[in-house]
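# Fold and geometry: a report
Given next are the chains, with one letter for each unit.
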Amino acid sequence: MSREAADQLELQAGVPAEAVVGPAAAIDFPESAKAINGNPIATRTKAPQPALPKEFVQLVVSPQGKGALAAADFEAP
């Protein structure tokens, strides 16, 4: 099965692609140390319910939110 087909299976059936085709190969390259890969977060200035996006941002930047992001291998915004 191709990686693309495995990815579709994962999206549609919840079967991890790695279970079908194996883990993805890592490619090391020196330039990656200089890469800036941020995870920005923002709210809309005219949201229909302006308090909700603000609460979401507060959750994401809270210790609980940062812990959840770290557990999923994401950096905090």
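For the structure itself, look to the data block above.
Below or above, wherever it landed, is the structure these notes cover. (Residues numbered from 1 in each chain as written. Predicted model: local features only at pLDDT ≥ 70, side-chain atom pairs only at ≥ 80, totals over all residues. Heavy atoms only, no water.)

### Section: the overall build of the chain
When helices and strands are counted, the chain shows 4 helices and 0 strands. Scanning the chain from its N terminus toward the C terminus, one meets helices and strands in the order α-α-α-α. Each of the 77 residues in the chain was classed as buried or not, and the buried ones make up 10%. A separation of at least 24 residues holds for 13% of the contacts in the chain among residues at least 6 apart in sequence. Summed over its atoms, the accessible surface of the chain is roughly 6600 Å², and 59% of this surface lies on carbon and sulfur atoms. (Helix = DSSP H or I, 4+ residues; strand = E, 2+ residues; numbered from the N terminus. Buried < 20%, exposed > 50% of the residue type's maximum accessible area, 1.4 Å probe, protein only. Contact = heavy atoms within 4.5 Å. Areas by Shrake-Rupley, 256 points an atom, 1.4 Å probe, with all protein chains shown as cover.)

### Comments concerning the environment of Pro53
Along the polypeptide, Pro53 turns up in helix α3 (residues 51–61). Classification of Pro53 by relative accessible area gives partly exposed; the value is 22%. As a C-alpha pair, Pro53 and Thr43 span 10 residues in sequence and 5.7 Å in three-dimensional space. Residues contacting Pro53, with those up to four places away along its chain left out, are Thr43 and Ala47.

### Quick word on the packing of α3 against helix α4 (residues 63–71)
Put simply, α3 and α4 touch, their axes get as near as 4 Å, and they point 65 degrees apart. Along the contact surface, α3 presents Leu59, Val60 and Val61, while α4 presents Pro63, Gln64, Gly65, Lys66 and Leu69. Per-class residue counts for the contact of α3 with α4 are 5 nonpolar, 2 polar and 1 charged. (Axes fitted to C-alpha atoms, helices over the stretch in contact; angles between N-to-C directions. Nonpolar A, V, L, I, M, F, W, Y, C, P; charged D, E, K, R; others polar.)

These figures capture arrangement, not role.
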